[in-house]
Amino acid sequence: MLYPRQTWARAFIHDLTGMWNFRADDSVSRRQGFDEQWYLHSLSKTGKVIPMPVPSSYNDITQDKGLRDFVGWAWYDTEFYFPRELLNKRIVLRLDSVHYNAIVWVNGQEIMRHDGGHLPFEGEILGHQLSVDDLNRITVAVNNTLTPTTLPPGEIIYENDTNRYPPGYFVQKLQMDFFNYAGIHRSVKIYTTPKVYVNDITLVTDYKDDKGFVNFNITTSTSSPSDLRSIDVVVRDAYDHVVGKAGNLKGTIDIPNPNLWWPWTMNTSSPAYLYKFEVTIVTKDGEKDNYLLPFGIRTINVTNTQLLINDRPFYCHGVAKHEDSDIRGKGLDFPLIAKDFNLLKWLGTNCIRTSHYPYAEEIMDQCDRQGIVVIDECPGVGITKKNNFGPVSLSHHLKVMEELVQRDKNRPSVIMWSTANEPDSALPEAVAYFRPILEHTKALDPTRPVTFVANQDVNKELVSQYVDVICINRYNAWYTDCSHTELIQRQLGNDLHKWHGKFNKPIIVAEYGADTIAGLHQDPSFVFTEEYQIEFMNEYHQVFDSLRGDFLVGEMVWNFADFMTKQEIIRVVGNKKGVFTRQRQPKMSAHLLRSRYYKIINSTDVYKGHSGKLGFNHYSNIFPNIIG
Ligand code: GCB
C-alpha cells in the first residue's frame, strides 16, 4: 500500500476533510445502529446528528461530558460526487487512521473493516457501487472499546452491585495514562490509479567510498512482468537532475558521489538530503502508471556500545512526544505539526520517539525532510496483564508491526522499530510473546534495529536479551524516592551500568521526567514546581554526560509537551511532565534542555569530525546559571 501521492498518472485525490454528520449510538447495547442498519440511509434520517470535523477526535468538540467519555460505536457520514470520466480507473478509499475498530460503507455497501488506530487502511470501490449522476455517501462506524486483546489493551468492567450502580453500568479501564481519544483521526481520501498499477516499492540504501547504492524492489498489480511493455525507473537528486536509471522491477542503481541523509545536527551543508525514486510502467494496452517516492541514502548499524548512522556514532538528544492537542485531541493538525517542528529545532532535538503509537504520515514526512530521527513505535503500550499475552493479542500485534513496517519502511528518518512501551517483560509469558514479535519485525526489515521500551528491574528483565538497542524508562526521585533528587545520580548510574553489564548493548534512556505545573514556583524546590523539574533534570543530565561516549546512545525527556490523560487522582487535568505546556509555551525546563542540547551539538566530537563545528555557539551560555 503506497501513500497517495499526486503524479501525472495519479492526479485525482479527493480529500474528504470537513464537517461530517455524527451520531454516537448510546443505546444500552450500543448495537442500535447495526440493528436499524444506519449505513443504508443518510445518518441524518436515522435520528439527531451533530456536525463533527474530520479529521479530529470527537471527545472534546462538544460541551457534552457523555460524548467526551463515550464508549462504544459512533457513526459518521458524508457525501461526495465522483467524476464520470474516472469510472474506468481503479478507485480507492483510504482512511489514514480511525481509532479503534472501523467499518466502512459506500452507498450502503460494506467496503472494508479495520482493527486498530494510528495506521492507514484502504479498499477498492467498484464502479457500479458509485453514482455519477448523484451524491455518494460514505458511512464509517467507529468503536473505541479497548479489550485485553486490543493494542493498547484495556478492559470493560461491568459493575453489578445495584445498590451502587444502575443496571448494565460499565466503565472502560485503561492500561495507559493518555486519554483514549477516538474518531476519524486523520485524512479520508478517494484516489484513483490505472487498473494496472504500482503496488509497492521497497528501497534499501547503502554506500561505499564515493558510490551510493539504491536496492529497489517494485511490485505491481500484475504478477507477470511480461504484461508490461516498459518499466522506467529513475532516481532524481534534489534539483530534479536524473542521477541513476534502471529498466526493471528489481535491482540496484548506483549513485555517484551521493549526498547522504544526515540528521540535521550532523551536517551543516545538506542535512536530510532527499532523492526521488520515480517509476513509470506501461502495459501492453498502453495504460500508464507513475509513482514518485522521496527517499534518502543512509545506513544504520549497532555495536555493543554505539548506534551508527552512516558509520558515525549518533547520540540521540531527543524528546518522547504524544499526538495531542486542545480541542482536536489526536486529530491531524497542520499548524500544530509546523509549530512542533519549530519547537523541536528550537530545542536542538535530533530525535523523537513516536510514543506510544505511529504518528501521522504528514509528521513522518517532516522528520524525513527536516532531519529528525525517529524511533517508530507501535501502539503496544500497557501490555501488563497475563491476558494481554495470549495468541489473539500476539497475532494482532504481529499484524500491526507488518502494517507499521509497510507504511514507514522507506523513510530515512526511521532508525529503529519499537514494538512496545513498558510491557511486563518480567513475566515468563512475555518471552513467548515478544520474541516472535521482535524476530518477525527484524525479518520484515533486517536493515533497522528493533527494540521495546522497558521499565523493569534489571534483575527481573527477561525480554531485553532479544533487542538490538536497550531502551529504558526511569523515574528515580519521582515514582520512587519522590523529592530525593540527591539520589538520582547514584541510583541511575548504578542501574544503567547494570543494564549494560547484563546485556552488553547500547542504551537509550527513553523517558525521564517530573510533573510540573507551569508557573508554579518554590525555592527551595518542591515537587510539581518548575524549580523541581530543573533540579531533577540536571541530576539526570550529570549521569547522561558521564555515560555518553561510553554505552549511552541517547536520552529522551518525558515529555515534549503536557498531554491529556484519563481522569485519576495522580493527574491534574492531564500529565504535566512536558517541557512545554499543552499550548506549546516553554517551562523553565525547555530553556534548560535547549541550552544542553545546543551544547551537545557543539561539543560532540563526531559532529565536528564530520563537517566542522556547527554555528550555534551563542546558544551555549544563555542560561549559565541554570546549567551550572
Ligand atoms: C511512563 C509511561 C508514560 C507515562 C509516564 C508518566 O513510564 O511510559 O506513558 O505517561 O510514565 O508520566 O507516568
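What you see is a predicted model; the values in this text were computed from it and never measured. (Residues numbered from 1 in each chain as written. Predicted model: local features only at pLDDT ≥ 70, side-chain atom pairs only at ≥ 80, totals over all residues. Heavy atoms only, no water.)

**A look at the UniProt feature "domain: Glycoside hydrolase family 2 catalytic" (unreviewed entry) in the protein**
We count it as follows: UniProt positions are given in the numbering used here, feature names are shortened, and annotations may be inferred rather than shown by experiment. Comment: elements are numbered from the N terminus, with helices defined as DSSP H or I runs of at least four residues and strands as E runs of at least two.
Within the UniProt annotation, "domain: Glycoside hydrolase family 2 catalytic" (unreviewed entry) is assigned to residues 300-600. Segment residues 300-600 splits into 35% helix and 17% strand. End C-alpha atoms: 21 Å apart.

**A closer look at the site of the ligand**
Rules: When we say a residue is near a molecule or strand, we mean one of its heavy atoms is within 4 Å of it. Definition of a polar contact: a pair of N or O atoms within 3.5 Å, with one able to donate and the other able to accept a hydrogen when the atoms are protein atoms, and with sequence-neighbouring residues admitted only if both atoms are side-chain atoms. In these tables, accessible area is a Shrake-Rupley quantity obtained with a 1.4 Å probe, and a residue counts as shielded only by the protein chains included in the view. Residue type decides the class: Asp, Glu, Lys and Arg count as charged, Ala, Val, Leu, Ile, Met, Phe, Trp, Tyr, Cys and Pro as nonpolar, and the leftover types, Gly among them, as polar.
Around the ligand sit 13 residues, and of these H356, E422, Y479, E511 and K577 come closest. Here an oxygen atom of the ligand sits 2.7 Å away from a polar atom, N or O, in the side chain of E511. Relative to its unbound accessible surface of 320 Å², the ligand loses 91% to contact with the protein. Residues of the shell around the ligand, tallied by class, amount to four nonpolar, four polar and five charged.

**Regarding the side chain of R584**
Rule in force here: Working definition: with a 1.4 Å probe on protein chains only, accessible area under 20% of the residue-type maximum means buried, over 50% means exposed, and in between means partly exposed. Contacts are residue-level and defined by heavy atoms, with any inter-residue pair within 4.5 Å sufficient.
Tracing the chain through its elements places R584 in the loop between β32 (552-558) and α9 (588-603). In this structure R584 comes out as buried when scored by relative accessible area, which is 4%. Of the polar contacts made by the side chain of R584, one reaches the backbone oxygen of R582; its length is 3.1 Å. Dropping the residues within four chain positions of it, R584 is found in contact with D324, L336, K339, D340, L343, F560, A561 and D562.

**Observations regarding the domain arrangement of the protein**
We apply this condition: Where each domain starts and ends follows an automatic or database-derived domain assignment. Summed over both partners, the accessible surface that disappears when two parts come together, traced with a 1.4 Å probe, is what is meant by buried area. Counted as salt bridges are all cases of a side-chain nitrogen of Lys or Arg within 4 Å of a carboxyl oxygen of Asp or Glu.
Here the protein is partitioned into domain 1 (13-144 + 180-193), domain 2 (198-298) and domain 3 (311-627). Spacing between the C-alpha centres of domain 1 and domain 3 amounts to 34 Å. Tallying the contact residues gives 20 residues for domain 1 and 23 residues for domain 3. Summed over both partners, the interface of domain 1 with domain 3 buries about 1600 Å², with 52% contributed by carbon and sulfur atoms. Of all residues in domain 1, L119, Y181 and R186 bury the most surface against domain 3, accounting for 37% of the area lost on that side. For the interface between domain 1 and domain 3, the tally reads two salt bridges. Close ionic contact of E361 with R94 constitutes a salt bridge, the shortest N to O distance being 3.3 Å. The interface formed by domain 1 and domain 3 holds nine residue pairs in polar contact (both at pLDDT 80 or more) in total. Residue composition of the side of domain 1 that touches domain 3, grouped by class: six nonpolar, six polar and eight charged.

**Topic: the packing of helix α8 (residues 530-547) against α9**
So the rule is basically this: Between N-to-C directions, angles span 0 to 180 degrees; the directions come from axes that are lines fitted to C-alpha atoms, helices contributing only their stretch in contact. For classification purposes, an angle smaller than 35 degrees is called roughly parallel, one larger than 145 roughly antiparallel, one from 65 to 115 roughly perpendicular, and anything else oblique. What makes a crossing left-handed is the near helix being turned counterclockwise from the far one by less than a right angle; a clockwise turn instead makes it right-handed.
Packing of α8 against α9 brings their axes to within 9 Å, and their N-to-C directions diverge by 25°. In terms of their interaxial angle, α8 and α9 are classed as roughly parallel. Seen along the crossing, α8 lies across α9 with a hand that is right-handed. Contacts between α8 and α9 involve E530, Q533, I534, M537, N538, H541, F544 and D545 from the former and M588, S589, L592, L593 and R596 from the latter. Residue composition of the contact of α8 with α9, by class: six nonpolar, four polar and three charged.

**Observations concerning unusual backbone geometry**
Along the chain, H99 connects to Y100 via a cis peptide bond; the corresponding omega equals 15°. Here L151 and P152 are connected by a cis peptide whose omega angle stands at 0°. With respect to the helices, strands and loops of the structure, P152 is situated in the loop between β10 (136-143) and β11 (154-158). With a phi angle near 50°, D209 is a residue other than glycine that sits in the positive phi range.

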